[in-house]
Structure formats: structure tokens, C-alpha cells
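Here is how the chains run, residue by residue.
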Amino acid sequence: MNRLGLLCPRRTRYILDTLYLVRKNPSSNSATALPNAYCFRLATSFSPDDDFMSNFQLVRSCFSVANIPTFARSYCSGNNGVDSSEWTEDIQYLDESGSVIYSGKGIRSVEPGLDDHVMVGGLKKPILNASAVMKIVEIVKRWKWGPEMETQLDRLQFVPNMTHVTQALKVIADNNASLSLFRWVMRQSWYLPNDECYAILFDRLNQSRDFDGIQSLFDDMIRDSSKHGTSSFCAYNRVIQYLAKAEKLEVSFCCFKKVQESGSKIDTQTYNSLITLFLTKGLPYKAFEIYESMEKAGCSLDGSTYELMIPSLAKSGRLDPASKLFQEMKEKNFRPSFLIFASLVDSMGKAGRLDTSMKLYMEMQGLGLRPSATMFVSLIESFAKAGKLETALRIWDEMKKAGFRPNYGLYTMIVESHAKSGKLEIAMSIFSDMEKAGFLPTPSTYSCLLEMHAGSGQVDAAMKLYNSMTYAGLRPGLSTYTALLTLLANKKLVDVAAKILLEMKAMGYAVDVSASDVLMVYIKDGSVDLSLRWLRFMGASGIRTNNFIIRQLFESCMRNGLYDSAKPLLETYVNSAAKVDLILYTSILAHLVRCQEEQNERHLMSILGATKHKAHTFMCGLFMGPEQRKQPVLTFVRDFFQGIDYEMEEGAARYFVNVLLNYLVLMGQINRARCVWKVAYENKLFPKAIVFDQHIAWSLDVRNLSVGAALIAVVHTLHRFRKRMLYYGVVPRRIKLVTGPTLKIVVAQMLSSVESPFEVSKVVLRAPGDSVLEWFKKPIVQQFLLNEIPSRADILMHKLNTLFPSSAPEIRSLSPPKPLITGKAI
């Protein structure tokens, strides 16, 4: 009793009562637990200001003094069975007066980091895993991070293991604290890579959306795994999945590549996450790359993979791989979803594989899946665009039977496809149903129907659609007006076309082009009167046309002999700064050559003057006398032809020479005609017309010449041949005149009038050189070739007038050439 002298009476009494109870029941089943339990109970019953451990040790020593037996326990560390107790100096227990009431040997203290227990008095108390974990948690929560925390962890009275660390990480909620603890653990000698630790840390970082932390820890994990030669399968896949779900595309793909390079296995869910990410980002080709990696790695596909890949492959146009995966999916007894069927049906239909699309459609229905409105629309569009309208209408009926109401776009597409295929009755029937369903047709639908009716020439139906369209408040498009105006122009409904054109102008459209198109329709149709009437309407409405159409109408009037109407058109053409080229002037001159009435000749001459072309000045000068012209004819002609741009107008110059020589021959101006031919040949307009093959053959080719040009060329060239043969003594073996089938008779008749030796053979007039030489020596031939026409020349000129549709052949053949109208009259 004296040993408890230092204790207060109340505490002393409590201890004695406890000792009495323990000694009274020494055989209790819980006797092994009583000493410690009672000590704990007594120690906690003291006042709060007392030290708990001192109270606990004191009470425990009391039990020892009372000879209460202690019981051995087994320990979980590697020091089991080793007595680590060691006697140290004596310990004295004093009473309140300071007197020694007990003294005895003490027990050495526990050495931190070496022992797996703590000493409670003389008892070894093992450190439980829960206590170790809580101690670690307590330190980490208190110090969070930094050197102080690591110092406290280094002073732990036990050696932790990875189980303690894993459990501690599960308890610690702070990310920074968890990472600090883990980085301290990684530096310890007893550290081993633990997949579960990494997984816990990655879960925490993902919850806080700390993706930079995830990336940093992932790099540490890669280095750690490489160092220890281990693999963290769960953590690897978890990182990639987290980054992929967070849409960290580049980072997740980079981690994926690093895991692949490390040789670790990647699970199906991770592959699916990456595929989903790339598809979401609009990068299907990268998703296919991941899928190919998945196949190469031998990773089995699950239902989610098929759900991802088949629609993606189908939509990207890779239909064969999509079909292969679809068949593989069915072989593995995965049930295809509606999404897979919808994507395949749509893609196959758009690719033109209509049989496959219909087969899938039927297979889907066989599995009990109900087609959606979108699928019906896709099928109808595919078959309609392929021209299989009967199948499209059958699916259309199935759609309505399934309870789906065709939408606005589908009605429009069906109507337009039937209209474009020429099935106007069906198109109009569906169009009527569309209006009854409450859908207002678009301008596109109206235009399609109207244009098809216009194309088929149905004026009444087209006008009905046009009026319906305008009454509905819809603005017709430019193509609609163009089709309607073209139809009305072809039907020659000028007044209705004018009304439509004015309405088009009131709608704000530029109508110049459309009006000109209508005018061209009349011009091409040869309706000159309607053309002139439409042109007058255009002028009254302030609508202008272009110079090309004015020229076309002018030439049309010229062809029809409407010279009174042609001249104002030409004046309009010239006044609008349009250039009258040599071809246009020559065409007018050609009309003059064919003219048979003197009154019309005067009109044509005035039209030629209205062109204000330099060729007309040349024509007038050509018929003037030397005094007025003030230079010889040949010089005058050469000056004119030198002013021609042969790079731009060589073909026009040849055309002009042919028509001009026709005109000069008909007017009896042979000398002037010979001058024109000579200068044209000098300027190489007809480079291959005359060929001198030394002494073998001389030839003249007039196949590309007009009748007048051919006659002048023959006379002039034979005159050159005569001079060579008579004056220079050069006689070829033969002379050929290549005329062609058209000019053969004309040239032969002209030469037969002077008894030429040329023989007609197919398209060539031939004669031996000697025979031609003898013929050249005849006086009549010399006069003929020198243009000294004998008195019997009226026969020749009569023949020329017969060949040309000219006026008054007897006047032109018997009377001297008459001069052109003076410049003032023109």
C-alpha cells in the first residue's frame, strides 16, 4: 500500500479495488487481457492534466508488484522470438513525503525504426498495421509536405511497408500530401513499385482535374517501371483512359505510345477510350490507326469497339472493312445495335450499293428493330438519286404505314426527282399531297416543276405553276424566269414573254441578259419580224442588248433582204463604238454581189457607207479615175493591202479578195481585178496558188478561190506563163490548172472561147507545154490575156453573168462598166 503513496487517496483506492478483483478471479478466460485493460482504464480515470503514459506505466508496475502474470504475444515482424529487453539503471518509486517505497531495474526504451513493438512497462506491445497506418496518416496530415514531414517519417518507430503506404494513401485526401508521401516512399530502400499506389494517386488527381499532375506522375511511373523492370498494368490503362475522357488528345496519345514502347499490355477499354477521343475530334484516320494497333496487339474486341468502329468506318467510306467487322461481330454473337444498322444502310445507299443497303434494312427488321424516320429518308434519297423511283415510292409507302410523316425535305426531294426524270404526273400528284399536308413548296420545287414542264413544252402547266408561285408570295429564281421565257420564246408568245420579263424586272433582277437570250431564240429560229418586234419592246422598256446580238440580227436582216431594217441596226452597232471588222464589211459586199434589183443595190451601197470601214474608202477610190485618185491603180491597191494586219486578219483578207474579185468581174473591171489579184499574191494570201517546178510542170491551184477570183487568177497567171515561155524561152513539159469540181466547168468554158489546148480531166485542166506555147502565139490569145477583149466578148460576159446571180446580164455584158455611186451619195 505504501508503494502508492505518491498517488492521491482516490486513485489509490481505485487501484486496490482493481487488484482485489484480479486476484480473486485468476482463472478468468480474459485474464490475459485484464492487466493491460485495467491499466488503461485506471490511467484514463486520472485527471486530464496528468501525463497518460506516466499514469499507465505506474499502474502497470503496480500490477507487476502484485505478481499478476504476464502473457507472451506473437509479433508480426521479423524479430519474433528475440528478447530485446535489457536491464538498465534502478528506478525508485517515492511516496508523497519523498520516501522510497520501491526500487527496481527498468527496461530499455524501444529503438525507432528497428523494433516492431513498443514497451508498455515490461511488456512488448506489437505495432499493429492499423496503428502504423494511422501514425503515417497523422504525420502527413500534420506536416503536409516538406523536409519536416520527411524528418518525422524518418523517425517512425517501425519500418513501414508498401501495404502501410497503400492504406495511408487511401485515407489521405489531400493530393499534394499524398504525392509528397509517395515521393518520400520512392526514396526508401524498402520501396517496391506498386500498381495499386499509382492507381490511387491517379484517381485522386483525376477527381481534382489535375491533368498536369497526372502527366508528371505518369513520367515518374515510366522511369520507375524501367528501373525496377516492372509493369503497372492497371495504372497505365487508367492514365490513358482519364486523359482520353478529358479530351487531352496529344497527351493521351503520347502516353499510349510510351506504354506501347515499354511493352506493357493495353486493355480493350483503353483502346475504346482512345478511339472515341479521336472520333470525337474529327480524326477518323487516327481512330483507325488505334484500331489497327489493337488488332496487331491481339487485343480482343468487345461490343463497344464494334459500336465505335463500324459506324466510323462506314461514314468514312471504308465500306469493305466495315462489312468485315459487321460479319465478325455477328460471328461472335454480339447483337448489332440500331446505330450500326443505320450507319451501314445510310453509307451503302449513298455509295450506290443499293442491294446491300436493302439487305441490311431487311435484316434489321428481322431482328425486331424498327426503322427510324432518318433511315427511311436515307433509303428513299438513295434510291431516288439512283433513278430507282419505284423502289423509292415503295419505301415511301412503308414509311407512311410505319406512322412516320414525310418531312418537308423528303417531299421536296421526291417531287424534284420525279420531275427531273420526266414523270410529271407522279411529281404533280405528290406535289398536291405536299400542299395538302400543309407544306409550302420551296422556290426550288416550283422551279424544278416549272422548268420540266417548260422543257416538255407544256405552256399552260408552266404558267399555272408560275402564277401559283407568285400568289404564294414566293420569289421565282433566275433559272425559273429563264426557263419560262425560253418556253414562251420558242412558242412565239411575244406578249406573254414581255409581261413575264417586266415582272422579272420588277422583282429586282437584271433583265438585260434574259431579254437578249429571248432575242437570240427568235434570231436563231429565223423569225426576223419577231426579233425586230422584241428589240423594239426592249428599247421601249429601257432594256439594252449587246453588240454581238445586234450584229446577229443585222446579218439576219441582210439574209432576208430587210435592208431598211438592217441599216438602223448597223448604225446602232457603229454608234455604240463597236468595231466593224473586215469580215462584216465583206459579208455586206457579198450581198451586193448577189443583189438583182437596182433599188436594193442603192440600199446596200448606203449600208456599206454606214460601216465607216477603211475597205469602203478603198472601194470608192478603186472606181475613181487617176486624176481623182492621184496615183495608179496598182499603187493604190498595194497601199491598202499594206495596211492590213495579216496576223489578225489574214483569213478575213482572203475572204475580202475573193468577194471583191467577184464584184469587179461582174462589174467588168478586169484590169482592176488583175491588180487586186497580183497584190494579193504578192502579200502571200494565196502562197501555194502558183508553183513553178523548173522545166517539168507549172501549175495554178484555184480550188480555194471564188469564181471571179479563179477567172482572174487563170487569165493573169497564163499571161505570166506566156511571158516566161515567149520572152525567156522556158517551156515546161506540161501546165496544170487545178480547179476542183466546182470551178472546173467555169474555167473550161472561159478557155474554150479562145480555143485553148487544155483538156479537162476530173478536177484538173492539163496541156503539154509545147501545145500551150503554140496557143500563146495566137493574136486572139494575146489580146485575151492582155484584157483587150475582142468584139465577141459579149459571149464570155454572158456566161459570167449566168454563173453569178446578178442583175441585168445584158446591160452588164454589152454596156461599158459603170462607176460606183459617188462618195457624197454614199
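Values in this document were obtained by computation on a predicted structure and should not be read as measured data. (Residues numbered from 1 in each chain as written. Predicted model: local features only at pLDDT ≥ 70, side-chain atom pairs only at ≥ 80, totals over all residues. Heavy atoms only, no water.)

A. Up close: a nonpolar patch on the surface. Judged by side-chain polarity, Leu 726, Tyr 727 and Tyr 728 come together as a nonpolar surface patch covering roughly 390 Å² of accessible area. Here Tyr 728 shows up in the loop between helix H37 (707–727) and strand S7 (734–738). (Patch = residues over 30% accessible without salt bridge, like charges linked within 9 Å, V, L, I, M, F, W, Y side chains within 5 Å. Areas by Shrake-Rupley, 256 points an atom, 1.4 Å probe, with all protein chains shown as cover. Salt bridge = Lys/Arg side-chain N within 4 Å of Asp/Glu carboxyl O. Helix = DSSP H or I, 4+ residues; strand = E, 2+ residues; numbered from the N terminus.)

B. Layout of the confidence of the model for the chain. In this model, the chain carries a mean pLDDT of 74, and residues with pLDDT of at least 70 account for 77%. Segment residues 788–826: pLDDT under 50, and 62 contacts once partners within four positions in sequence are set aside and those in other chains are kept. (pLDDT = per-residue confidence, 0-100. Contact = heavy atoms within 4.5 Å.)

C. A look at the packing of aromatic side chains. According to the stated counting rule, one finds 21 aromatic pairs in the structure shown. Seen from their ring centres, Tyr 481 and Tyr 509 are 5.7 Å apart, and the 65 degrees between their planes marks the pair as edge-to-face. One end of the pair, Tyr 481, is in helix H24 (residues 478–490); the other, Tyr 509, is in the loop between helix H25 (494–506) and helix H26 (512–524), with 28 residues separating them in the sequence. A single burial state applies to Tyr 481 and to Tyr 509, both of which are buried. (Phe/Tyr/Trp six-rings, centres within 6.5 Å; stacked < 30°, edge-to-face > 60°. Buried < 20%, exposed > 50% of the residue type's maximum accessible area, 1.4 Å probe, protein only.)

D. How the structure looks around a positive patch on the surface. A cluster of like positive charges, contributed by Arg 733, Arg 734, Lys 762 and Arg 766, occupies part of the molecular surface. Along the chain, Arg 766 falls in strand S9 (residues 764–768). (Lys, Arg positive; Asp, Glu negative; His and termini not counted. Charge placed at Lys NZ, Arg CZ, Asp CG, Glu CD.)

E. Layout of the pairing of strand S5 (residues 690–693). Pairing geometry for S5 and strand S6 (residues 697–701), over four bridges, is antiparallel. Bridging across to S6, Val 691 finds its partner in Ser 699. Adjacent in sequence and paired antiparallel, S5 and S6 are bridged by three residues, among which Gln 694 carries a positive phi angle near 50 degrees. (Pairing = 2+ DSSP bridges.)

F. Examining the pattern of salt bridges more closely. A complete count under the given rule lists 13 salt bridges for this structure. The partner of Glu 398 in a salt bridge is Arg 394, with the nearest N and O atoms 3.3 Å apart. Separated by four residues within a single helix, Glu 398 and Arg 394 lie in helix H19 (residues 389–401), roughly one turn from each other. Judged by its relative accessible area of 27%, Glu 398 is partly exposed. Ionic contacts of the salt-bridge type, sharing partners, join the residues Arg 551, Glu 555 and Asp 581 into one network.

G. Broad picture of the environment of Asn 272. As for its position among the elements, Asn 272 is in helix H12 (residues 268–280). Here Asn 272 falls in the buried class, since its relative accessible area comes to 8%. Note: C-alpha distance between Asn 272 and Tyr 306 (34 residues apart in sequence) is 9.5 Å.

H. The side chain of His 613, seen in detail. Looking at the element boundaries, His 613 is found in the loop between helix H31 (598–610) and helix H32 (614–622). On the accessibility criterion, His 613 (10% relative accessible area) is buried. A polar side-chain atom of His 613 sits 2.9 Å from the main-chain amide nitrogen of Ala 615. In this structure, His 613 is in contact with Val 580, Asp 581, Leu 582 and Tyr 585, ignoring residues within four places of it in sequence. (Polar contact = N/O pair within 3.5 Å; in protein donor to acceptor, adjacent residues only side chain to side chain.)

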